[in-house]
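One-letter residues, chain by chain:
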Amino acid sequence: MNSTFYEQLRGPESGGQLRPDAEQSQLVDESSGDAYPILDGIPRFVASEHLASFGLQWNKYEVAHDDEDRATFQAKTGMPLADLTGLRVLDAGCGGGRYSKIAGEAGAKVIGADHSTAVEKAAQLCGHLPDVNFVQADLKKLPLEPASFDFVFSIGVMHHDADTRAVFDSVAKFVKPGGKMAVWLYRRNQWWQEWINDSLRRRTTTMPAEKLEPWCRRGAWLGGLPVIGKTLNKIANFSNHPNWENRVCDTFDWYAPQYQYHHTVDELSGWFRDAGFEQLRVLPPEKTGRFYRWTYERNLLIGSGVNVQATRVS
């Protein structure tokens, strides 16, 4: 880490300036005296708590694919990579850092924040990018200066907190007036799909990782089968990603987290307006095809999202 990164950090409780101690082993809040450890070069403001499963999955699996990640980033943020050069960007819920990497390689100055130890994988992935740094922190209490980012994005993260709206409202405060924010959340499906999913997750969220993972591998096997991989997963979710490791990771990501909430476009759009955003853009899904769009538009596609980008005006 460099001094410029340190200067951007603030006490998550007090908002005071943070300074490293002589050994650079912790950051000290000048106003409150609170101290926060620096481990493996990453400031730590929280323990993993209910998001421990994310640290497990992102540190274990190799799921970054540059071409795919660039396409997904642009589809789910609505930001062309060429427009990122020189921007100050916040990746709110960075996981293993694949989208922080994409933004950093496009010329952005990125801070990635995640509640889990996945920041360790992210730091390794982005080790060649001096303007990409990470903090392990609660998105509801980020150790950063409010209204200081040109662009903020959050892809598939906020719905894993006990209160999605509270996370959204907190993260939105870090966008500059005139800056943009893009959020992707799980879409609410048909009532019978929601009932099946809730019933399954009541069981899977109580399972230790070593017992859940073999089931996720079975789901990944199904996801690789022709026809079944694109039909049965409309009833019980499992990934049909072309890559085996991604399928296992994505399926584990669905069934392991303690919290998982599903939302509507109108709901997310309302949050943006309430937070002082205008020029709302409802972003279309990344995938195309007649059958895909038919299921998507009827809220039948489990794991699909509601995706909005907007500009902050106040």
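How each quantity is defined
- Residues numbered from 1 in each chain as written.
- Predicted model: local features only at pLDDT ≥ 70, side-chain atom pairs only at ≥ 80, totals over all residues.
- Heavy atoms only, no water.
- Helix = DSSP H or I, 4+ residues; strand = E, 2+ residues; numbered from the N terminus.
- Rg over C-alpha atoms; globule rule 2.2 N^0.38 Å.
- Contact = heavy atoms within 4.5 Å.
- Areas by Shrake-Rupley, 256 points an atom, 1.4 Å probe, with all protein chains shown as cover.
- Lys, Arg positive; Asp, Glu negative; His and termini not counted.
- Charge placed at Lys NZ, Arg CZ, Asp CG, Glu CD.
- UniProt positions renumbered as here; feature names shortened; annotations may be inferred.
- Pairing = 2+ DSSP bridges.
- Buried < 20%, exposed > 50% of the residue type's maximum accessible area, 1.4 Å probe, protein only.

**Here we look at the overall build of the chain**
Then comes step 1: What the chain contains, in helices and strands, is twelve helices and eleven strands.
Then comes step 2: Here the C-alpha atoms of the chain give a radius of gyration of 19 Å, agreeing with the 20 Å that 2.2 N^0.38 yields for 314 residues.
Then comes step 3: Along the longest, intermediate and shortest principal axes, the C-alpha atoms of the chain span 60 × 45 × 35 Å.
Then comes step 4: Once local pairs closer than 6 in sequence are excluded, the contacts in the chain between residues at least 24 apart make up 69%.
Then comes step 5: Carbon together with sulfur atoms contributes 53% to the accessible area of the chain, which is approximately 14,100 Å² in total.
Then comes step 6: Computing the positive centroid from 35 side-chain charges and the negative centroid from 39, the chain places the two 8 Å apart.

**Topic: the UniProt feature "domain: Methyltransferase type" (unreviewed entry) in the chain**
Then comes step 1: Feature annotation in UniProt places "domain: Methyltransferase type" (unreviewed entry) on residues 90–182, given in this structure's numbering.
Then comes step 2: For residues 90–182, the helix share is 27%, the strand share is 31%, and the end-to-end C-alpha distance is 11 Å.

**Concerning the sheet that holds strand β4 (residues 42–43)**
Then comes step 1: Spatially, four strands are ordered β1-β2-β3-β4 in an open sheet, and the strand pairing comes out antiparallel. Single-partner strands in this sheet number two, and they are β1 (18–20) and β4.
Then comes step 2: Pairing between β1 and strand β2 (residues 26–29): three bridges, direction antiparallel. Counterpart to Leu-18 in the pairing with β2 is Asp-29.

**Description of unusual backbone geometry**
Then comes step 1: In this model, Gln-279 sits at a positive phi of 55 degrees, which is unusual for a non-glycine residue.
Then comes step 2: As for its position among the elements, Gln-279 is in strand β10 (residues 277–282).
Then comes step 3: In this structure, Asn-299 is a non-glycine residue whose phi angle is positive, near 55 degrees.
Then comes step 4: Inspection of the secondary structure puts Asn-299 in the loop between α12 (290–297) and β11 (305–312).
Then comes step 5: With relative accessibility at 25%, the residue Asn-299 sits in the partly exposed group.

**Some remarks on the side chain of Lys-101**
Then comes step 1: Within the fold, Lys-101 resides in helix α4 (residues 98–105).
Then comes step 2: Among the residues examined, Lys-101 registers a relative accessible area of 8% and is labelled buried.

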